[in-house]
Amino acid sequence: MIIAYHYHIPGIKRNGKILTSSQQGIFLDGLAIYFKKIICYLHYPNRADVGTMDYTIKNSNVELISLGAHDNVYKRSLFSFKYTRNINAKEFDLFLFRGPSPLIPFLLYNYRSIQSVLLIVGDYSRENALYKNINLKKIVVFIWSRIYKILQDHLMENQLVIFNNRWQYEEYIDKLKYIGLASTNMISKNDYFKRVDTCKRKIKNILFVGRIDENKGLVEIAEAIIILLKKGFKVRYSVAGYEKKTGNVLNHIMDLFYKNNFENNFIYHGHVIYGRELFTIYKNADIFVNASRSTEGFPRTIWESFAHCTPVITTSVGGIGYTIIDRRHALFCKPRSKESIASKIEEMIKNNSLRKNLIANGYRLALDNSFEMNIKKIYNLIFRHYRNSKQTSK
């Protein structure tokens, strides 16, 4: 079977090789072993994206066709036809969309005669519902995200939809004819790292990995660590991730540590390529903290922490509270609350038996959700849906 694939993360061809983000590239390489060919219809990266093109596709049966510039969301939504002219529906059997993504409503409508499958990993409308400071731009984004959701929900009614989180799966289970659930965890079973405990070193290393964005709660984590430092705890804040040039979160965090005379207690690793270097950062961490303010699917960084036996503190937003249990797999903290985060870090450091149980339970859960298992599950869902649809149409 030949499938087409689209997502908003860009890709580019250099020296005969396809480069994209590790998040997308590992997924495509994993899926490629099950299909004759995957034709990727992707935008080419703009200046802000170039730093994230850190993965080279390994499989020769993955092909890249450019959809043009990775312009802003509104241009891609209003002028969808401009970006999709290079798509030739005669070249593939099925279209796989990873979403949410701005072009999906247009593509679903324009190629409605083609079998389609959607892999949904989040919800724009909920991600943009919890802004703290409202301005005109955020109001426009909020309205656009609501319109997007209405269009997407209407057009995917007769398609197979695979969710990567139980929160959205349960929301749609009575609304869709064809539905599936599969994690998009990227970590291979060969890269798991087992240990019994952490927090044995003099200075406790508190880690965040991911996109550096205000809605990820990085500032609240920084404020929580400063609270602990003032109480006499020996802790350090380590951050690994990518911030767009227009972002100001890192500067804000560095200012906080500098103004409180704790500048030596913050380390920024930069954008770390997925693989051995990133895994070493997890191994050197004592606690992983995810303080997302708004909803999301299920962060892959929590799976990565579990797989490296790094105990987790997290908010329960989005799919998180549907997938893991407070005080069994992780400690839940309140969104936007530096006091709650500080309290949970303190408890994690002090309570040895709780910490060991969280590490063991998280590791077991990660073993049941390895990359290989979930890629095979996604393939099986796609193949069965394609085969059954072909039989029904005869």
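Residues numbered from 1 in each chain as written. Predicted model: local features only at pLDDT ≥ 70, side-chain atom pairs only at ≥ 80, totals over all residues. Heavy atoms only, no water.

A. Representation of the overall build of the protein chain. When helices and strands are counted, the protein chain shows 15 helices and 16 strands. For 394 residues, the compact-globule estimate of 2.2 N^0.38 gives 21 Å, and the C-alpha radius of gyration of the protein chain, at 21 Å, lies within 12% of that figure. If one aligns the C-alpha atoms of the protein chain with their principal axes, the spans along those axes are about 70 × 45 × 45 Å. A total of 394 residues make up the protein chain; the buried ones form 58% of that total. Pairs at least 24 apart in sequence give 70% of the contacts found in the protein chain among residues at least 6 apart. (Helix = DSSP H or I, 4+ residues; strand = E, 2+ residues; numbered from the N terminus. Rg over C-alpha atoms; globule rule 2.2 N^0.38 Å. Buried < 20%, exposed > 50% of the residue type's maximum accessible area, 1.4 Å probe, protein only. Contact = heavy atoms within 4.5 Å.)

B. Spotlight on unusual backbone geometry. For the bond from Gly 99 to Pro 100, the omega torsion is 10°, close enough to zero to count as cis. Examined against the element boundaries, Pro 100 turns out to sit in the loop between β7 (94–99) and α4 (104–110). Here the phi dihedral of Asn 261 falls at roughly 60°; this positive angle occurs in a residue that is not glycine. Its location among the elements puts Asn 261 in the loop between α9 (249–259) and β13 (266–270). The phi torsion at Arg 336 lies on the positive side, around 65°, for a residue other than glycine. The topology assignment puts Arg 336 in the loop between β16 (331–332) and α13 (338–350).

C. Inspection of the pairing of strand β3 (residues 17–20) at higher detail. Pairing analysis gives four bridges linking strand β2 (residues 11–14) to β3, with the strands arranged antiparallel. Looking at β3, one finds that Arg 14 is bridged to Lys 17. Between β2 and β3, which follow one another and run antiparallel, lie two residues, and Asn 15 among them has a positive phi close to 50°. Strand direction decides the pairing type here: β3 and strand β5 (residues 55–56), joined by two bridges, are antiparallel. Looking at β5, one finds that Leu 19 is bridged to Thr 56. (Pairing = 2+ DSSP bridges.)

D. Spotlight on the pattern of salt bridges. Taken as a whole, this structure holds 13 salt bridges when the rule is applied. Of the charged contacts in the structure, one is a salt bridge between Lys 149 and Asp 153, with a shortest N-O distance of 3.6 Å. Here Lys 149 and its partner Asp 153 are both found in helix α6 (residues 136–155), four residues apart, which amounts to about one turn of the helix. Judged by relative accessible area, Lys 149 falls into the buried class, the value being 16%. For the salt bridge of Asp 197 with Arg 355, the shortest nitrogen-to-oxygen distance reads 2.7 Å. (Salt bridge = Lys/Arg side-chain N within 4 Å of Asp/Glu carboxyl O.)

E. Quick peek at a nonpolar patch on the surface. A contiguous nonpolar patch, built from Tyr 74, Leu 78, Phe 79, Phe 81, Leu 136 and Val 140 and spanning about 620 Å² of accessible area, is present on the exposed surface. Within the residue set of the nonpolar patch, elements represented by two or more residues are α2 (73–78) and α6. (Patch = residues over 30% accessible without salt bridge, like charges linked within 9 Å, V, L, I, M, F, W, Y side chains within 5 Å. Areas by Shrake-Rupley, 256 points an atom, 1.4 Å probe, with all protein chains shown as cover.)

F. Main features of the packing of aromatic side chains. All told, the structure shown has 23 aromatic pairs when counted by the stated rule. Ring plane angle 65° and centroid distance 6.2 Å describe the contact between Tyr 41 and Phe 92, whose orientation is recorded as edge-to-face. With Tyr 41 in strand β4 (residues 37–44) and Phe 92 in the loop between α3 (80–83) and β7, the pair connects residues that are 51 residues apart, well separated along the chain. Residue classification places Tyr 41 among the buried positions, given a relative accessible area of 0%. An angle of 45° between the planes, with centres 4.9 Å apart, marks the rings of Phe 298 and Trp 303 as tilted. An aromatic cluster of at least three residues, connected via ring pairs, comprises Tyr 41, Phe 92, Phe 95, Phe 97 and Tyr 111. Note that Arg 112 overlies the ring of Tyr 109, its terminal NZ or CZ placed 4.1 Å from the centroid. Over the face of the ring belonging to Tyr 172 we find Lys 175, whose NZ or CZ atom lies 5.2 Å from the ring centre. (Phe/Tyr/Trp six-rings, centres within 6.5 Å; stacked < 30°, edge-to-face > 60°. Lys NZ or Arg CZ within 6 Å of the ring centre and 35° of its normal.)

G. Quick look at the side chain of Lys 204. In this structure, Lys 204 sits in strand β11 (residues 204–209). The buried charged residue Lys 204 lacks any salt bridge, with Asp 286 as its nearest oppositely charged partner at 6.7 Å. From its side chain, Lys 204 meets the backbone oxygen of Arg 201 in a polar contact 2.8 Å long. Residues in contact with Lys 204, not counting those within four places in the same chain, are Cys 199, Lys 234, Val 235, Arg 236, Asp 286 and Ile 349. (Lys, Arg positive; Asp, Glu negative; His and termini not counted. Polar contact = N/O pair within 3.5 Å; in protein donor to acceptor, adjacent residues only side chain to side chain.)

H. View of the sheet that holds strand β12 (residues 235–240). Read from one edge of the open sheet, six strands run β13-β12-β11-β14-β15-β16, paired in parallel fashion. Looking at strand neighbours, the two that pair on one side only are β13 and β16, the edges of this open sheet. The pairing of strand β15 (residues 312–314) with β16 spans two bridges and is parallel. For Thr 314, the partnering residue across the bridge sits in β16 and is Phe 332. Relative to β12, helix α8 (residues 218–230) is tilted by about 165°, and along the sheet it contacts β11, β12 and β14 (287–290). Here α9 sits on the sheet and contacts β12 and β13; the angle it forms with β13, its principal contact strand, is near 155°. (Axes fitted to C-alpha atoms, helices over the stretch in contact; angles between N-to-C directions.)

I. The arrangement of the environment of Gly 318 in detail. Assignment of secondary structure puts Gly 318 in the loop between β15 and α12 (320–323). The buried category is assigned to Gly 318, whose relative accessible area is 11%. The spacing of Gly 318 and Ile 12 is 306 residues in sequence and 32 Å in space, taken between C-alpha atoms. Those residues in contact with Gly 318 that sit more than four places away from it in its chain are Trp 167, Thr 295, Glu 296 and Gly 297.

J. Molecular detail of the nonpolar core. Ranked by size, the top nonpolar core spans 63 residues in total, and within it Tyr 5, Phe 27, Leu 31, Ile 38, Leu 96 and Ile 162 carry the most contacts. Examining the composition of this core, we find that seven residues originate from one element, helix α15 (residues 371–393), more than from any other. Sequence-distant contacts of Leu 96, defined by excluding residues within four places in its chain, comprise Ile 3, Ala 4, Tyr 5, His 6, Phe 27, Leu 31, Val 117, Leu 119 and Ile 382. Membership of the second largest hydrophobic core comes to 37 residues, among which are Leu 228, Leu 331, Ile 349 and Leu 354. (Core = buried A, V, L, I, M, F, W, Y, C linked by side-chain atoms within 4.5 Å.)

Honestly, that's just the spatial picture; any functional story needs more than this.
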